[in-house]
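Next come the chains, spelled out residue by residue.
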Amino acid sequence: NAGVTQTPKFQVLKTGQSMTLQCAQDMNHNSMYWYRQDPGMGLRLIYYSASEGTTDKGEVPNGYNVSRLNKREFSLRLESAAPSQTSVYFCASRGGLNYGYTFGSGTRLTVV
Amino acid sequence: KQEVTQIPAALSVPEGENLVLNCSFTDSAIYNLQWFRQDPGKGLTSLLLIQSSQREQTSGRLNASLDKSSGRSTLYIAASQPGDSATYLCAVRGDSNYQLIWGAGTKLIIKP
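Please read all numbers here as calculations on a predicted model, not as lab measurements. (Residues numbered from 1 in each chain as written. Chains lettered and ligands numbered in written order. Predicted model: local features only at pLDDT ≥ 70, side-chain atom pairs only at ≥ 80, totals over all residues. Heavy atoms only, no water.)

K.L.:
So what exactly am I meant to see when it comes to the environment of A:Val111 here?
P.N.:
Residues and elements named next belong to chain A. Mapping Val111 onto the fold places it in strand E11 (residues 107-111). For the pair formed by Val111 and Ser87, sequence separation is 24 residues and the distance between their alpha carbons is 8.7 Å. Excluding its chain neighbours within four sequence positions, the residues that come into contact with Val111 are Leu13, Lys14, Thr15, Ala81, Ala82, Pro83, Gln85 and Thr86. (Helix = DSSP H or I, 4+ residues; strand = E, 2+ residues; numbered from the N terminus. Contact = heavy atoms within 4.5 Å.)

The following block contains the structure:
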């Protein structure tokens, strides 16, 4: 089925460890996004990529880096994980300006 | 700064009732508004997308309306079913390419 695929679905890290969250979409969308969702705070934008080859900071970029590897793939990297980064991470993509967003199923990350 | 509010935060109704979920926003200069559904531990499923030039959108038992001048959108669910139980989120897209402002959601429980 067409959509946004995220891996892994669950991950536990120790403080200071690094990891990369993977996201791929097969809808030929130009724009891709990384959000985090925390209880009581709603979704917050971490980074986005308006098109292949470009990335920009969102609302909460500190502690994260991203790579738009090609049009399909947009990865999120935590270089040195902190307990404050315990959250559920969602990747999303969007076609043209008149189109809505399609979300992946999320990665539940716990940093201990 | 755009703010999106969803009231009530939680709603519990008997099966079969028609119900309305509310979403309000402070800045009427929006590009579009999207309603999502989120099941526990799952990702977000797009329900309806309303462009700023539209007044309403319908999909099955769902009808979403948009009144830009008053800064309001409603999601009407007809003949509610237990399978409709989920958290419903609205998100407003402003003029910039990435800006998507989220409400905190309404947790809906449909009692059999």
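K.L.:
What's the story with the confidence of the model for chain A in this structure? I'm lost.
P.N.:
Detailed conclusions should not be drawn from predicted coordinates in areas where pLDDT is low. The share of residues in chain A with pLDDT of 70 or more is 97%, and the mean pLDDT across the chain is 93. By mean pLDDT, strand E10 (residues 101-103) of chain A is the weakest element of chain A at 90, and strand E8 (residues 74-78) of chain A is the strongest at 98. (pLDDT = per-residue confidence, 0-100.)

K.L.:
Is there a simple way to explain unusual backbone geometry in this structure?
P.N.:
For residues that are not glycine, phi is negative in most cases, and the peptide bond is trans in most cases. Of note, the amide linkage connecting A:Thr7 to A:Pro8 takes the cis form, showing an omega dihedral of -5°. Along the polypeptide, A:Pro8 turns up in the loop between strand E1 (4-7) and strand E2 (10-13). Residue B:Pro8 is bonded to the preceding B:Ile7 through a cis peptide linkage, with omega at 5°. If you check the backbone angles, A:Asn28 has positive phi at about 60° while not being a glycine. Position of A:Asn28 relative to the elements: it lies in the loop between strand E3 (19-25) and strand E4 (31-38). Judged by relative accessible area, A:Asn28 falls into the exposed class, the value being 57%. (Buried < 20%, exposed > 50% of the residue type's maximum accessible area, 1.4 Å probe, protein only.)

K.L.:
Would you mind going over the packing of aromatic side chains with me for this structure?
P.N.:
Working definition: an aromatic ring pair is given by the centre-to-centre distance plus the angle between the planes. Evaluated as defined, the whole model comprises ten aromatic pairs over all chains. Here A:Phe90 and A:Phe103 contribute two aromatic rings whose centre-to-centre distance is 6.4 Å and whose plane-to-plane angle is 80°, an arrangement assigned as edge-to-face. Residue A:Phe90 is located in strand E9 (residues 87-94), and its partner A:Phe103 is located in strand E10; the two are separated by 13 residues in the primary sequence. Both residues of the pair, A:Phe90 and A:Phe103, count as buried. Each ring, one from A:Phe103 and one from B:Trp102, has its centre 5.6 Å from the other, and the planes form 75°; the classification is edge-to-face. With A:Phe103 in strand E10 and B:Trp102 in strand E10 (residues 100-102), this pair bridges two chains. (Phe/Tyr/Trp six-rings, centres within 6.5 Å; stacked < 30°, edge-to-face > 60°.)

K.L.:
I tried to follow the environment of A:Tyr64 on my own but got confused; where do I start?
P.N.:
Residues and elements named next belong to chain A. Mapped onto the elements, Tyr64 comes out in strand E7 (residues 64-68). Sequence separation between Tyr64 and Gly106 is 42 residues, and the spatial gap between their C-alpha atoms is 17 Å. Leave out the neighbours within four places in its chain, and Tyr64 touches Arg36, Ile46, Tyr47, Leu76, Arg77, Leu78, Gln85 and Tyr89.

K.L.:
I tried to follow the nonpolar core on my own but got confused; where do I start?
P.N.:
Residues B:Leu33, B:Trp35, B:Leu75, B:Ile77 and B:Tyr88 are the most contacted members of the largest nonpolar core, which totals 23 residues. With sequence-adjacent residues up to four places away left out, B:Leu75 is seen in contact with B:Leu19, B:Val20, B:Leu21, B:Trp35, B:Leu47, B:Leu48, B:Leu62, B:Asn63, B:Ala64 and B:Tyr88. Counting residues in each nonpolar core, the second largest holds 20 residues, with A:Tyr64, A:Leu78, A:Tyr89 and A:Cys91 among its members. (Core = buried A, V, L, I, M, F, W, Y, C linked by side-chain atoms within 4.5 Å.)

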